[in-house]
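A structural walkthrough
Chain residues, written in single-letter form:
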Amino acid sequence: MRSVDEHLAEILATVRPLAPLELELEQTLGATLAEDVTSPVPLPPFDNSAMDGYAVRADDLAQVPVTLPVIDDVAAGSTDLRAVGSGHTVRIMTGAPVPAGADCVVPVEWTDGGTVSVTIDRRAEVGHAIRRAGEDVQAGEVVLKAGTLIGPAQLGILAGVGRRRVLARPRPRVVVIATGAELVEPGNPLVTGQIWESNSYTLTAAVREAGGEGFRAGAVGDDPAELLDRLDTALVRADAVITSGGVSMGAYEPVKEALSPLGTVKFEKVAMQPGMPQGFGVLGDDQVPIFALPGNPVSSFVSFQLFVRPALDRMRGLPAGLPATVTARTTGPLRSPSGRRSYLRGVLSDDGTVSPVHGQGSHQLAALALADALIVVPEDVTEVPAGSSVEVIRL
């Protein structure tokens, strides 16, 4: 058997970052910048008011209270040029350009709110409540560097510097196919020997949570030819493909039967539990990566976290590797087979402890749904007493 680290290393050596595309602003959420983005203008581009109030000269507030005539109003978005002379004031709204001559803004709360004349009760220093031009960003300054993952705030600054489109690596398109003659779509009745298909739903959701575009292609039976037809259709729109099931040592293993003759997909045993049978390779002229995961629900989910998620990070142009871990104390004893790295399901608490869930079988999806962590037990450890320090992967 090969180790978890060796299997992941081969995957990351094979997978390549997606080619950058010119993306419209609305398409960039979850994409990775492939260019430095600079601001063509200072931000803010002009001095503007940080509050609703009155633009005045600070010298006119030497003695308060003071009453000044209100000579004008200026609203946000105003393009008219205005000025304030000594002994006068202009009523101003948040975001409006500060009139020439004014050097501070008095909040309306410090006044009687007058519109013809206003009585000001408190002094304001020079610059008070004024957002200076360029205090956020200078013209020509880099606001986002290549390699930045675009979230809501990053998308906002792209719009804020006037970009309608940017060069970025898109979210990978991943097609998910489940295999097994026993699988039935949820909502349909079952007969003896059948189960409702859940893996494609779990894995498609996991793809989306990991920053990809997940496309669920449903389930196929145990006919390798049917699987190959489904894969041919999937490759038209896929940057990667995930299958679940059909990779073990049984008599009906459609994924193995269909892909082994191609010579571009390898099926191996990985020294881990759950998830020992694994397949990985590439398909088609475009060398699309395919992840052939085991069919047990917990096995496929753990395999996704260890192998597919890092590959998606690589495709997105992000740092890629095994999931980060935190240290916790286990509240119960743990057992693990010799020579395999175990990933036991657990619940991580705020007090720094992790509790193994009841039901560690690779088929026990309900127990997985209760867990928020994977407890890692190394290959050379078979028993871990309660209270021991363990490494934990957050889910």
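Residues numbered from 1 in each chain as written. Predicted model: local features only at pLDDT ≥ 70, side-chain atom pairs only at ≥ 80, totals over all residues. Heavy atoms only, no water.

Some details on the sheet that holds strand β16 (residues 213-220)
Sheet architecture is open: six strands sit in the order β16-β13-β17-β21-β20-β18, paired in mixed fashion. The open sheet is flanked by β16 and β18 (265-269), the only strands paired with a single partner. On average, each strand axis in the sheet is inclined to that of its neighbour by 15°, with strand direction left out of account. Where helix α3 (residues 199-209) meets the sheet, it contacts β13 (173-179), β16, β17 (240-244) and β21 (288-293), and its direction lies at approximately 170° from that of β16. (Pairing = 2+ DSSP bridges. Helix = DSSP H or I, 4+ residues; strand = E, 2+ residues; numbered from the N terminus. Axes fitted to C-alpha atoms, helices over the stretch in contact; angles between N-to-C directions. Contact = heavy atoms within 4.5 Å.)

Quick word on the pattern of salt bridges
This structure, assessed with the given rule, holds 20 salt bridges. The partner of Asp80 in a salt bridge is Arg82, and the shortest N-O contact between them spans 3.9 Å. With a closest N to O distance of 3.4 Å, Arg171 and Glu213 form a salt bridge. Highlighted residues: Arg171 in the loop between β12 (165-169) and β13 and Glu213 in strand β16, separated in sequence by 42 residues. For Arg171, a relative accessible area of 23% corresponds to the partly exposed category. (Salt bridge = Lys/Arg side-chain N within 4 Å of Asp/Glu carboxyl O. Buried < 20%, exposed > 50% of the residue type's maximum accessible area, 1.4 Å probe, protein only.)

Brief notes about the sheet that holds strand β6 (residues 66-74)
On the basis of which strands lie adjacent, the open sheet formed by five strands has the order β8-β5-β7-β6-β9 and mixed pairing. Two strands close off the open sheet at either side, each with one partner strand: β8 (104-107) and β9 (117-120). If you compare each strand with its neighbour and ignore which way they point, the axes differ by 40° on average. As paired elements, strand β5 (residues 53-56) and strand β7 (residues 89-92) share three bridges and run antiparallel to each other. By the bridge assignment for β7, Ala55 is matched with Val90.

Brief notes about the environment of Thr331
Relative to the helices and strands, Thr331 resides in the loop between β22 (326-330) and β23 (334-335). Exposure remark for Thr331: the relative accessible area of 43% places this residue in the partly exposed category. One polar contact links Thr331 to Ser355, side chain to side chain, over a distance of 2.9 Å. (Polar contact = N/O pair within 3.5 Å; in protein donor to acceptor, adjacent residues only side chain to side chain.)

Quick look at the packing of helix α1 (residues 4-14) against helix α6 (residues 297-315)
Relative placement of two packed helices is described by the angle separating their axes and the distance separating the axes. Close contact between α1 and α6 brings their axes to 10 Å; oriented N to C, the two are set at 30°. Looking at the two axes, α1 sits roughly parallel to α6. In the packing of α1 onto α6, the handedness of the crossing is right-handed. Contact residues: Val4, His7, Leu8, Ile11 and Leu12 in α1; Leu306, Phe307, Pro310, Ala311 and Arg314 in α6. Per-class residue counts for the contact of α1 with α6 are eight nonpolar, one polar and one charged. (Parallel < 35°, antiparallel > 145°, perpendicular 65-115°, else oblique. Left-handed = near helix turned anticlockwise from the far one by under 90°. Nonpolar A, V, L, I, M, F, W, Y, C, P; charged D, E, K, R; others polar.)

Side note on the packing of α3 against α6
Packing of α3 against α6 leaves a shortest axis separation of 10 Å and a crossing angle of 25°. On the basis of the axis angle, α3 is roughly parallel to α6. As α3 runs across α6, the sense of the crossing is right-handed. Across the interface between the two elements, Asn199, Thr202, Leu203, Ala206, Val207 and Glu209 of α3 pack against Pro297, Ser300, Phe301, Phe304, Arg309 and Leu312 of α6. For the contact of α3 with α6, the residue count by class is seven nonpolar, three polar and two charged.

Details of α6
Along its 19 residues, α6 runs 25 Å from first to last C-alpha, staying within 8% of the 27 Å computed at 1.5 Å per residue. Phe304 marks the point of greatest bend in α6, at about 45°. α6 sits mainly inside the fold: 17 of its 19 residues count as buried. Of the residues trailing α6, Gly317 is marked for its positive phi of about 80°. (Expected span 1.5 Å × (residues − 1). Bend = angle between axes of the 7 residues up to and from the residue.)

A look at the nonpolar core
Ranked by size, the top nonpolar core spans 34 residues in total, and within it Ile242, Met272, Phe291, Phe304, Phe307, Leu312 and Tyr343 carry the most contacts. At the level of secondary structure, the elements contributing two or more residues to this core comprise α1, β13, α3, β17, β21, α6 and β26 (373-377). At ten residues, the largest contribution of residues to this core is made by α6. Excluding its chain neighbours within four sequence positions, the residues that come into contact with Phe291 are Ile11, Ala240, Val241, Ile242, Thr243, Gly279, Phe280, Phe307, Val308 and Ala311. (Core = buried A, V, L, I, M, F, W, Y, C linked by side-chain atoms within 4.5 Å.)

Some words on a negative patch on the surface
Side chains of Asp223, Glu226, Asp229 and Asp232 sit close together on the surface and give a patch of like negative charge. Relative to the helices and strands, Glu226 is located in helix α4 (residues 224-235). (Patch = residues over 30% accessible without salt bridge, like charges linked within 9 Å, V, L, I, M, F, W, Y side chains within 5 Å. Areas by Shrake-Rupley, 256 points an atom, 1.4 Å probe, with all protein chains shown as cover. Lys, Arg positive; Asp, Glu negative; His and termini not counted. Charge placed at Lys NZ, Arg CZ, Asp CG, Glu CD.)

Here we look at unusual backbone geometry
The linkage connecting Leu43 with the following residue, Pro44, adopts the cis geometry, with an omega of -10°. Cis geometry marks the peptide bond from Gln273 to Pro274; its omega dihedral reads 0°. Of note in the backbone geometry, Ala129 takes a positive phi value of approximately 60° without being a glycine. Topologically, Ala129 is positioned in the loop between β9 and β10 (130-131).

A word on the packing of aromatic side chains
Throughout the structure, instances matching the rule amount to one aromatic pair. Here the aromatic rings of Phe280 and Phe291 are separated by 5.2 Å at their centres, their planes lie at 45°, and the arrangement is tilted. Of the two residues, Phe280 is situated in strand β20 (residues 277-283) and Phe291 in strand β21; the sequence distance between them amounts to eleven residues. Phe291 carries the same exposure label as Phe280, and that label is buried. (Phe/Tyr/Trp six-rings, centres within 6.5 Å; stacked < 30°, edge-to-face > 60°.)

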